[in-house]
Amino acid sequence: MPAYTLAELAEISGAEVSGDASLRIEGLATLQNARASQLSFLSNPKYEKHLQSTQAGAVILAPAMLQHCPVAALVHPDPYLVYARLSRLWERVPNAAGRQIHATAVIDPSVTLGENVLIEAGVVVHADARIGDGVVLGANTVVGFATSIGDNTRLFANVSVYHDVHIGRNCIVHSGVVIGSDGFGFAPHRGAWVKIAQLGGVIIEDEVEIGANSTIDRGALDPTLIGKGVKLDNQVQIAHNVVVGDHTVMAAGCAVAGSTQIGKHCVLAGKVGVAGHLTIVDHCHVTAMSMVIKNLTEPGVYSSGTGIQPNAQWRKTIGRLRQLDRYAARLKDIEKTLRLHEQENAREQDKQNEND
Amino acid sequence: MPAYTLAELAEISGAEVSGDASLRIEGLATLQNARASQLSFLSNPKYEKHLQSTQAGAVILAPAMLQHCPVAALVHPDPYLVYARLSRLWERVPNAAGRQIHATAVIDPSVTLGENVLIEAGVVVHADARIGDGVVLGANTVVGFATSIGDNTRLFANVSVYHDVHIGRNCIVHSGVVIGSDGFGFAPHRGAWVKIAQLGGVIIEDEVEIGANSTIDRGALDPTLIGKGVKLDNQVQIAHNVVVGDHTVMAAGCAVAGSTQIGKHCVLAGKVGVAGHLTIVDHCHVTAMSMVIKNLTEPGVYSSGTGIQPNAQWRKTIGRLRQLDRYAARLKDIEKTLRLHEQENAREQDKQNEND
Amino acid sequence: MPAYTLAELAEISGAEVSGDASLRIEGLATLQNARASQLSFLSNPKYEKHLQSTQAGAVILAPAMLQHCPVAALVHPDPYLVYARLSRLWERVPNAAGRQIHATAVIDPSVTLGENVLIEAGVVVHADARIGDGVVLGANTVVGFATSIGDNTRLFANVSVYHDVHIGRNCIVHSGVVIGSDGFGFAPHRGAWVKIAQLGGVIIEDEVEIGANSTIDRGALDPTLIGKGVKLDNQVQIAHNVVVGDHTVMAAGCAVAGSTQIGKHCVLAGKVGVAGHLTIVDHCHVTAMSMVIKNLTEPGVYSSGTGIQPNAQWRKTIGRLRQLDRYAARLKDIEKTLRLHEQENAREQDKQNEND
């Protein structure tokens with residue numbers, strides 16, 4: 001494991017040292033598990049209770065927490081950000097160091113290769129592809145013809161990229177991802193389906209991360225577009241001609257149907273579905289497993305579903321839900337009865353008043 | 001890009017030319033983006049507004065629209081079908097032209113290979129497989145032993161087909177698809193699970209398309225069956241012994257549990273779940289993210305879920321939903337009270353009548 | 001097909017023979033389809049009707065069914081268990097028989113290889129990996145550096161295992177599975193997302209099966225943990241730092257968000273979603289497509305969702321659901337009115353009583 005002094009870590013992350021700046025740190029761990037050679041962090045107040053007893057060599061924390069810290073510290077108003085910045089120092093993924101192309105990789109002679117690429121065993125790159133500087137292609141990954149991959153982008157093992165796809169710089173594409181597969185387009189004809197060839201490609205801008213086994217279809221005519229800084233978790237599905245705005249994130253299992261436009265800085269929690277041909281404005285947050293079936297025209301938090309219940313209660317709830325129509329009718333009847341009673345009472349009152 | 005005259009395109013598609021039949025067309029584009037060398041189409045009335053100002057060389061449209069068309073046209077009652085038929089002319093996927101087998105492909109000597117196959121780098125075909133005429137196997141795709149792949153079927157890169165699977169003719173299987181993996185079958189025994197070997201294979205009939213990263217399990221004893229002309233979108237899951245009827249389509253993320261039989265010409269929208277051991281008759285349409293937990297015995301449109309709401313409203317809705325039981329009880333109380341009042345009133349009326 | 005006498009099958013499975021113990025059996029089939037050389041089984045009472053007319057050579061069944069059986073039998077109180085035990089005899093997956101390593105496999109010299117491994121074409125195993133005895137690595141599968149795979153574990157074709165992952169003994173990992181991809185962790189910073197390197201690995205204990213195209217992310221600091229005997233179906237997603245207890249099963253399409261702890265012997269039916277940072281105790285059963293958004297602190301069956309309805313009825317239900325708030329208000333109004341009436345009646349009664 002590489003080692004850094006606290007002073008070096010402060011320099012890299014923008015934090016300030018409290019305590020022995022020459023302390024050597026060899027890794028990151030949780031407050032509970034960290035040893036004296038390791039750094040930990042306190043960001044979520046829920047874990048404050050573990051600060052007192054931590055065996056970490058140093059802790060990343062906010063200024064207000066410093067007084068409670070029994071060991072050295074890296075102090076910064078946003079400890080989680082400092083943790084994120086330093087976490088990369090101990091990442092164990094192979095990087096390009098000089099051009100390394102495994103003998104079993106099959107790269108068409110027409111391919112343009114940048115400097116310092118790392119191309120692992122079994123990789124296949126088809127004609128006219130362009131591979132930027134510092135790109136890493138994991139074992140058995142396939143890159144289609146006329147596809148381009150920007151500088152310092154990493155594709156892990158077993159990724160499939162079709163033809164005419166453009167991936168930007170500093171992107172991370174995890175194993176099993178498929179980019180540029182056909183959009184789902186068919187014309188109905190006499191009870192069968194005539195395929196519509198999908199002629200648009202895919203454009204993925206810079207700093208995008210795509211989780212394992214996610215799929216992004218090529219457009220029908222125009223390309224499908226994933227904006228800058230977008231982060232997609234595992235098993236996300238993006239249909240043809242979808243546009244995902246910059247810095248939007250989608251948790252695992254989200255699916256967006258064709259031609260929908262999602263704004264910037266949106267958050268789709270796990271397993272959200274979005275129907276086709278919709279528009280979602282910037283800064284919308286959709287909670288887990290919700291189904292978006294209409295435009296979201298205002299920023300805000302949106303939800304659907306029924307929440308979880310013990311099965312016996314849920315059965316009652318669903319039974320009642322099915323009877324809502326009848327309840328509504330009974331409510332109306334009651335209101336009518338009450339109105340009649342009141343009219344009658346009023347009439348009787350009038351009669352009495354007349355009599356009086 | 002290949003070029004065709006309007007006359008040729010009319011011949012291929014069954015449409016009629018209006019205007020200059022010798023006009024050369026080099027591609028397809030939307031009404032808004034098409035250039036003078038390109039063909040566009042008008043099918044959805046929503047896009048009619050773009051017809052007047054289109055820069056396309058020609059437009060595919062219905063007879064009634066011809067009077068509004070400022071350029072040449074291909075006229076047909078079903079413009080979407082004509083678009084589908086012509087779209088393939090500009091598709092840029094490699095096809096077999098003479099037998100081409102990459103030197104790095106590993107093909108067991110016992111494999112039967114048809115004419116004009118295209119087998120890309122890194123492909124592995126196990127013993128006793130049969131590969132039909134004109135089949136394309138994309139890079140790093142794996143075909144299991146005793147599996148057969150029908151004429152003119154294409155498997156894109158990184159597809160995994162297990163043993164004893166039969167795929168028909170003219171099928172398209174996208175990257176990351178897995179066909180023939182074990183069905184999920186276990187016998188419970190003393191708190192653990194004893195695996196049931198899955199001995200059935202998979203039969204996929206002709207003209208089927210399977211989207212990226214979809215999975216189709218092999219049957220327990222009898223095979224899992226995907227009927228003719230079925231179209232599955234990305235990340236669809238078909239469990240063991242499911243039968244999917246001809247020409248049924250499933251959008252992305254659908255999952256069908258074991259032994260369920262789905263009829264012909266059904267449509268499952270995105271992320272629909274279907275429980276096991278059910279029967280769904282022909283011509284059922286299930287809307288997105290619905291959960292089918294009982295047989296669908298009549299053709300029609302089916303739905304579940306709550307729709308989307310702003311989170312604050314949704315919380316209220318769900319709160320009320322949980323109280324439905326209490327509302328029902330209150331409604332019953334009120335009705336009882338009203339009945340008592342009416343009985344009392346009736347009694348009083350009787351008394352008065354007697355008194356009168 | 002291998003053949004066994006009924007006596008041998010009884011010996012292997014722990015059942016007792018009824019009838020000719022020397023009968024040769026060459027395979028398994030359903031009661032309806034079995035031929036005289038095949039064995040069938042009766043476990044689900046629903047299929048009892050097929051027993052009388054079965055053409056099977058023998059049937060696995062419970063003692064109580066023996067009197068209705070027209071052919072030989074293997075008798076055991078748990079016929080399904082016997083079927084499971086015997087099903088493996090006819091499975092057609094290749095096993096290691098002596099060390100077989102395909103010439104195209106790329107195995108780093110630092111890798112430790114056990115006895116009798118079967119490594120198919122195109123496999124890539126990175127530095128410092130340890131491959132146990134009897135391990136099978138399917139074609140084009142990739143194993144990351146410093147990853148270990150326990151004895152007799154099988155990875156099918158096109159599996160991707162990242163670095164620092166530990167898979168136990170007797171596991172089965174199906175095609176397209178990704179293990180050890182990055183957890184979805186980012187620190188927000190000025191409208192963008194700063195990646196948190198995921199430094200924990202994954203630990204998968206013995207006897208685990210993982211279905212096709214499932215994904216299991218590596219932990220942020222500590223490892224993600226899949227307990228002994230866990231069975232995951234296809235397209236399951238396990239996020240970083242999730243703990244899945246021993247012998248828990250998840251059907252296809254389940255997704256568990258980060259840091260959630262699921263107990264032992266739980267069952268998650270198809271497409272269940274579980275939110276992050278939750279605890280689910282042992283022996284919970286969650287029905288299909290439910291969304292778990294709170295801790296489940298008691299064993300039991302849990303559900304969410306609305307069930308399926310014809311679309312027209314569903315629209316009414318959802319319309320009513322949205323009006324629940326107004327219904328609740330109307331109910332309250334009515335109750336108030338009734339209380340006023342009763343107070344008035346009481347007052348009038350008092351007056352009358354006074355008058356009387």
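Note that this is a predicted model, so its numbers are computed, not measured.

Visitor: It is not clear to me how the relation of the copies chain A and chain B should be interpreted in this structure. Could you clarify?
Guide: Each of the two chain copies can be brought onto the other by rotation about an axis and movement along it. Rotating chain A by 120° and moving it 0.0 Å along the rotation axis overlays it on chain B with an RMSD of 0.1 Å. The two molecules are tied by a three-fold rotation axis, judged by turn and shift. Within chain A, the C-alpha atom positioned nearest to the axis of rotation is that of G305(A), 3.5 Å from it.

Visitor: Teacher, can you tell me more about the pattern of salt bridges here?
Guide: If the charged atoms of two oppositely charged side chains come close together, the side chains can form a pair. Across all of its chains, the model carries 18 salt bridges over all chains by this definition. The salt bridge partner of E335(C) is R330(B), with a shortest N-O separation of 2.8 Å. Here R330(B) lies in helix α4 (residues 324-355) and E335(C) lies in helix α4 (residues 324-355), a pairing that spans two chains. We classify E335(C) as buried; its relative accessible area is 18%. In this structure R330(B) comes out as partly exposed when scored by relative accessible area, which is 25%. Among the ionic pairs, R169(C) bridges to D206(C), the shortest N-O distance being 3.2 Å.

Visitor: Got a minute to help me understand the sheet that holds strand β2 (residues 16-18) of chain A in this structure?
Guide: Hydrogen bonding along the main chain pairs the strands of a sheet, whether they run parallel or antiparallel. Residues and elements named next belong to chain A. Pairing is mixed in the open sheet, where five strands are placed in the order β2-β7-β6-β5-β4. Only two strands of the sheet have a single partner each, and these edge strands are β2 and β4 (27-28). Of the strand pairs in this sheet, strand β6 (residues 58-61) and strand β7 (residues 72-75) are connected by four bridges, and their pairing is parallel. From the neighbouring strand, I60 faces β7, where its bridge partner is L74. Packing against the sheet, helix α2 (residues 79-87) makes contact with β4, β5 (38-41), β6 and β7, and its axis sits at approximately 125° to β6.

Visitor: Explain the packing of α4(B) against α4(C) here, please?
Guide: A pair of packed helices is captured by two measures, namely the crossing angle of their axes and the spacing between those axes. Following both chains from N to C, one finds α4(B) and α4(C) inclined at 30°, their axes separated by 11 Å at the closest point. Crossing geometry of α4(B) relative to α4(C) is assigned as left-handed. On α4(C), the residues touching L324(B), Y327(B), R330(B), L331(B), I334(B), T337(B), L338(B) and H341(B) of α4(B) are L324(C), A328(C), L331(C), K332(C), I334(C), E335(C), L338(C) and E342(C). Considering only residue class, the contact of α4(B) with α4(C) consists of 10 nonpolar, two polar and four charged.

Visitor: It is not clear to me how the interface of chain C and chain A should be interpreted in this structure. Could you clarify?
Guide: When the parts of a complex come together, some accessible area is lost, and that lost area is often taken as the interface size. Across the boundary between the two partners, chain C contributes 78 residues, which contact 68 residues of chain A. For the pair chain C and chain A, the summed buried surface comes to about 6,000 Å²; carbon and sulfur atoms form 62% of the total. Linking chain C with chain A are four salt bridges, by the criterion used here. Close ionic contact of D164(C) with R92(A) constitutes a salt bridge, the shortest N to O distance being 2.7 Å. Applying the counting rule to chain C against chain A returns 30 residue pairs in polar contact (both at pLDDT 80 or more). Listing elements by their share of the side of chain C that touches chain A, those giving two or more residues are β21 (178-181), β22 (186-189), β23 (192-195), β26 (215-217), β38 (291-292), β39 (300-303), α3 (311-322) and α4 of chain C. Take the side of chain C that touches chain A: its biggest share by element is eight residues, from α4(C). A per-class count over the side of chain C that touches chain A returns 38 nonpolar, 30 polar and 10 charged.

Basis of the calculations
Residues numbered from 1 in each chain as written. Chains lettered and ligands numbered in written order. Predicted model: local features only at pLDDT ≥ 70, side-chain atom pairs only at ≥ 80, totals over all residues. Heavy atoms only, no water. Least-squares fit on C-alpha atoms with pLDDT ≥ 70 in both. Salt bridge = Lys/Arg side-chain N within 4 Å of Asp/Glu carboxyl O. Helix = DSSP H or I, 4+ residues; strand = E, 2+ residues; numbered from the N terminus. Buried < 20%, exposed > 50% of the residue type's maximum accessible area, 1.4 Å probe, protein only. Pairing = 2+ DSSP bridges. Contact = heavy atoms within 4.5 Å. Axes fitted to C-alpha atoms, helices over the stretch in contact; angles between N-to-C directions. Left-handed = near helix turned anticlockwise from the far one by under 90°. Nonpolar A, V, L, I, M, F, W, Y, C, P; charged D, E, K, R; others polar. Buried area = accessible area lost by both parts, 1.4 Å probe. Polar contact = N/O pair within 3.5 Å; in protein donor to acceptor, adjacent residues only side chain to side chain.

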